[in-house]
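Notes for the structure review
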Amino acid sequence: MTAPKIALGAWAWGNDGTFGTNFTEDELRPIFEAGQKSGLNLWDTAYVYGMGTSESVLGKFLRTVPRESYLVSTKFTPQCANPEADNAVIDMYEGSVERLGTKFIDFYWIHNPVGAPEWTRKLIPLAKTGNIGKIGLSNHNLAELKEASEILAAEGLKVSAVQNHYSLLNRSSEHSGILEWCRNNGAVFFSYMVLEQGALSGKYDTKHPFPEDSARGQVYNPVLPQLEKLNDAMKEIADSHNAGIAQLPVAWAIAKGTLPILGVTKVRHVEDAVKAANIVLTDDEVRRLEELADRAGINTVRVWEKEMK
């Protein structure tokens, strides 16, 4: 199955406090149904999103549709590895497939490079079972990608996907050469936090801040004046496409050759994603958006990340 232009992310479905809201299954089910109906049927999750909560909720929905109607992406997170397991990668995978209700995982990721390259080597037996479609590495820099690639190549395997924070406010994966490496090596680049957890959606400004009790609020509320100016400037380009501000950074990420992951907690988020997938930006518009973002001068590298150099 060919992947759609956009993946739908279930991080918030884990109710781990990152988004300051608890979502129920009844609230999330229409979102899943809207995604499937629209053809945005690639679902991204991880065990660490609520320690299995996101996977469990998504799994309940996936069980209601044919296996051939969706793609699923989940992750091995080194910090959550079971120290008593013979192979912690396989151990976490087995828990994930039980919660998701499918043994075959289309994209299986090493979530970050903590302990690399040990985890790359431990992923090899799982990859050889045929139970994962593509091997992905997330939050790895270029040197770490090349190291993992060499390890896998020696076993007849390859890095088929890379997933990093990439947005108008964080283009370090581009400047470091990671996007070019992906193009040259046939790897799909998944861009996460394209909307900076809503900061680039036009929804939040100095009069409408993020929830103070959320991780997002702690990061973005202090820079709302700069974000407000950036979103106001982006509105002009969005209006020319009869689009909303939130659709523009997504269309930009697609124009850059990446596959954005959009966190979805409302049906309208899916509807926005469908519209964004159909926007075609000109080269001049892409450059203009990047100039506006650079001018804002905001550092959005989060505590779990590093600058990709």
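To be clear, the structure that these remarks concern was listed above.
Quick summary incoming for the structure in this document. Not measured: the values here are computed from a predicted model.

Next up on the list: the overall build of the protein. When helices and strands are counted, the protein shows 12 helices and 8 strands. The globule rule puts the C-alpha radius of gyration for 309 residues at 19 Å, and the 19 Å found for the protein is close to it. Its C-alpha atoms give the protein principal-axis dimensions of roughly 55 × 45 × 35 Å. With 309 residues in all, the protein has 57% of them scored as buried. When contacts within the protein are restricted to residue pairs at least 6 apart in sequence, those whose partners lie at least 24 apart make up 77%. In the structure as shown, the protein presents an accessible area of about 13400 Å², 49% of it carried by carbon and sulfur atoms.

Here strand S5 (residues 132-138) lies mainly inside the structure; 5 of its 7 residues are buried. Here strand S4 (residues 105-110) pairs with S5 via 5 bridges, running parallel. If you follow Phe107 over to S5, its bridge partner there is Lys134. Bridge count for S5 against strand S6 (residues 159-165) is 4 bridges, and the pairing is parallel. Counted as the bridge partner of Ile135 is Val159 from S6. Each parallel crossover has a hand, and the one from S5 via helix H5 (residues 142-153) to S6 is right-handed.

For the structure shown, the criterion picks out 14 aromatic pairs. An angle of 45 degrees between the planes, with centres 5.9 Å apart, marks the rings of Trp13 and Trp43 as tilted. Of this pair, Trp13 sits in the loop between strand S1 (7-9) and helix H1 (25-38) while Trp43 is found in strand S2 (residues 42-44), placing the two residues 30 residues apart along the sequence. Summarising the burial analysis for this pair, Trp13 and Trp43 share the class buried. Seen in terms of ring centroids, Trp13 and Phe61 are 5.9 Å apart; in terms of plane orientation they differ by 70 degrees. Their pairing is edge-to-face. Taken together, the positions of Trp13 in the loop between S1 and H1 and Phe61 in helix H2 (residues 53-62) put the pair 48 residues apart, joining distant regions of the chain.

The next thing to look at is the layout of surface pockets. A volume near 160 Å³ is recorded for the second largest pocket. Taken together, 14 residues make up the lining of the second largest pocket; nearest its centre are Leu169, Asn170, Arg171, Asp294 and Ile298. Secondary structure elements with two or more residues in the lining of the second largest pocket: helix H6 (172-175) and helix H12 (283-296). When the residues that make up the lining of the second largest pocket are grouped by side-chain class, the tally is 5 nonpolar, 6 polar and 3 charged.

A few words now on H2. Along an α-helix, a turn takes 3.6 residues, which lines up residues three or four apart on a common side. Most of H2 sits out of view: 7 of its 10 residues are buried. Every buried residue belonging to H2 is among Ser54, Glu55, Val57, Leu58, Gly59, Phe61 and Leu62, and all of these are buried. In this structure, the buried residues of H2 make contact with H1, S2, strand S3 (71-76) and helix H3 (88-100).

Scanning all chains against the criterion turns up 13 salt bridges. Here Glu155 makes a salt bridge to Lys128, at a shortest N to O gap of 2.6 Å. Placement of the pair is Glu155 in the loop between H5 and S6 and Lys128 in the loop between helix H4 (118-127) and S5, with a sequence separation of 27 residues. Since its relative accessible area comes to 37%, Glu155 is described here as partly exposed. Via salt bridges that share partners, Arg171, Glu174, Lys256, Glu290 and Asp294 belong to a single interconnected network.

So, about the sheet that holds S5. As summarised here, the arrangement of the 8 strands in space is S1-S2-S3-S4-S5-S6-S7-S8, forming a closed barrel in which the pairing is parallel. Within the sheet, the average angular offset between the axes of one strand and its neighbour, ignoring direction, is 30 degrees.

What counts, and where the lines are drawn
- Residues numbered from 1 in each chain as written.
- Predicted model: local features only at pLDDT ≥ 70, side-chain atom pairs only at ≥ 80, totals over all residues.
- Heavy atoms only, no water.
- Helix = DSSP H or I, 4+ residues; strand = E, 2+ residues; numbered from the N terminus.
- Rg over C-alpha atoms; globule rule 2.2 N^0.38 Å.
- Buried < 20%, exposed > 50% of the residue type's maximum accessible area, 1.4 Å probe, protein only.
- Contact = heavy atoms within 4.5 Å.
- Areas by Shrake-Rupley, 256 points an atom, 1.4 Å probe, with all protein chains shown as cover.
- Pairing = 2+ DSSP bridges.
- Right-handed = clockwise from strand over helix to strand, strands pointing away.
- Phe/Tyr/Trp six-rings, centres within 6.5 Å; stacked < 30°, edge-to-face > 60°.
- 1 Å grid on protein atoms, 1.4 Å probe; cavity = no way out; pocket = protein on both sides within 12 Å on 5 of 7 lines; lining within 4 Å.
- Points joined across faces, edges and corners; volume = space filled by probe spheres on them.
- Nonpolar A, V, L, I, M, F, W, Y, C, P; charged D, E, K, R; others polar.
- Salt bridge = Lys/Arg side-chain N within 4 Å of Asp/Glu carboxyl O.
- Axes fitted to C-alpha atoms, helices over the stretch in contact; angles between N-to-C directions.

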